[in-house]
Amino acid sequence: MKKLLDIKKMRVSIEGKIIVRDLTLAIKPGELHVLMGPNGSGKSTIAHALLGHPRYRTAATRLRFNSKDIRKLKTDARARLGLFLGFQYPLTVSGVTLANLFSELTKKNRPRNKKLLHLTLASRMATEQREAQDLLRAAVTGHMRELALPEDMLYRGLNDGFSGGEKKKAEMLQMLALKPKLAILDEPDSGVDIDALKAIAKSIAAARKVGTAILLITHYQRILKYLKPDAVHIMVKGKLVRSGTAILAREIEKKGYAFLQKK
Ligand SMILES: Nc1ncnc2c1ncn2[C@@H]1O[C@H](COP(=O)(O)OP(=O)(O)OP(=O)(O)O)[C@@H](O)[C@H]1O
Ligand SMILES: [Mg+2]
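Residues numbered from 1 in each chain as written. Chains lettered and ligands numbered in written order. Predicted model: local features only at pLDDT ≥ 70, side-chain atom pairs only at ≥ 80, totals over all residues.

**Q** Got a minute to help me understand helix α6 (residues 194–209) in this structure?
**A** Across its 16 residues, α6 extends 23 Å between first and last C-alpha, which sits within 8% of the 22 Å expected from 1.5 Å per residue. Count one or two residues on from α6 and you reach Gly 211, which has phi positive near 100°. (Helix = DSSP H or I, 4+ residues; strand = E, 2+ residues; numbered from the N terminus. Expected span 1.5 Å × (residues − 1).)

**Q** So what exactly am I meant to see when it comes to the site of ligand 1 here?
**A** Near ligand 1 you find 13 residues, and of these Asn 39, Gly 40, Lys 43, Ser 44 and Thr 45 are the closest. Contributing elements (two or more residues each) for the shell around ligand 1: β2 (17–27) and α1 (43–50). At three residues, α1 tops the list of elements feeding residues into the shell around ligand 1. Residue classes in the shell around ligand 1 are distributed as two nonpolar, eight polar and three charged. (Near = placed C-beta within 6 Å. Nonpolar A, V, L, I, M, F, W, Y, C, P; charged D, E, K, R; others polar.)

**Q** Would you take a moment to explain the sheet that holds β2 for this structure?
**A** Strand pairs in the sheet, formed through backbone hydrogen bonds, run parallel or antiparallel to each other. In spatial order, the strands read β2-β1-β4-β5; together these four strands make up an open sheet with antiparallel pairing. Only two strands of the sheet have a single neighbouring strand rather than two, namely β2 and β5 (68–69). Pairing analysis gives seven bridges linking strand β1 (residues 5–14) to β2, with the strands arranged antiparallel. From the neighbouring strand, Met 10 faces β2, where its bridge partner is Leu 23. (Pairing = 2+ DSSP bridges.)

**Q** Looking at this model, I keep getting lost on the pairing of strand β4 (residues 56–65). Mind explaining?
**A** Along any regular strand the residues' side chains alternate between the sheet's two faces. As paired elements, β1 and β4 share nine bridges and run antiparallel to each other. In the strand pairing of β4, Ile 7 is matched with Leu 63. Remark: two residues form the turn of the hairpin made by β4 and β5, two consecutive strands paired antiparallel; Asn 66 in that turn has positive phi of roughly 50°.

**Q** How do you make sense of the packing of helix α5 (residues 164–178) against α6 when you look at a structure like this?
**A** Between two packed helices, what matters for the description is the angle formed by their axes and the separation of those axes. It is the contact of α5 with α6, at a shortest axis distance of 10 Å, that shows an interaxial angle of 15°. Taken together, the axis directions place α5 and α6 in an arrangement best described as roughly parallel. In this structure, the crossing between α5 and α6 has a hand that is left-handed. Side by side, α5 and α6 meet where Gly 165, Lys 168, Lys 169, Met 172, Met 175 and Leu 176 of the first sit next to Ala 196, Ala 199, Ile 200, Ser 203, Ala 206 and Ala 207 of the second. Grouping the constituent residues of the contact of α5 with α6 by class yields eight nonpolar, two polar and two charged. (Axes fitted to C-alpha atoms, helices over the stretch in contact; angles between N-to-C directions. Parallel < 35°, antiparallel > 145°, perpendicular 65-115°, else oblique. Left-handed = near helix turned anticlockwise from the far one by under 90°. Contact = placed C-beta atoms within 7 Å.)

The following block contains the structure:
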């Protein structure tokens, strides 16, 4: 099977300081890869660099997504190719609601309604608005129910006053609505209660069902109780030091990261 994400010898630096070096990693369509590592080892840096964050300087022998060289592409172009990032610390955007966001996202795919052409401008706009709302509901309300998010959250500013767990769930909701080819999820399981953890694991499983590959950044193996990873990678001080199976995550939980350096 061809590679969906193909990274060869990537280096990432910020303000002249090299944070990630010599990163080689390949993810095939639909796979679930887990990335673990101590605080400050460079996990979020990789996530941001892959999305083309302008603060990071990236150099790589190869950086392909879905067979396309993305090294020169801006963030929006990378997102349009099907790359998604669920943030470790989602930002608040007070003036934009989730409903605004989703209706923009679904606009492109909205079918043209011929009947509407014969209506007056005012009623056409009202009908279009209603249709947009119906589409929005169809796309997200099922997922909102599963995530135990109240529907009125769609009409509040994005992450505005959301609790920590609600923010993480809102990131999941965006992933489920967008159906990206690859979702990089940066600690979706940090700071969430046990029911939220289950709901988030369920969302990840649901995304995988529709073909989304996942790069899951986490500190805990507890989320892996619900998910079956294809690979687990350990990063220490900006370098991938070990790759293995779910067993590796359990070993880390028991012994900490120090045992890797002893070998
Ligand atoms: N502007 C900067 N100048 C120097 N170092 C920086 C700068 N920005 C980030 N760093 C450093 O880069 C390192 C990697 O940070 P990163 O956020 O990628 O870690 P992480 O593995 O995601 O950690 P955590 O598990 O705590 O989320 C940290 O040591 C951080 O202090
Ligand atoms: Mg991080």
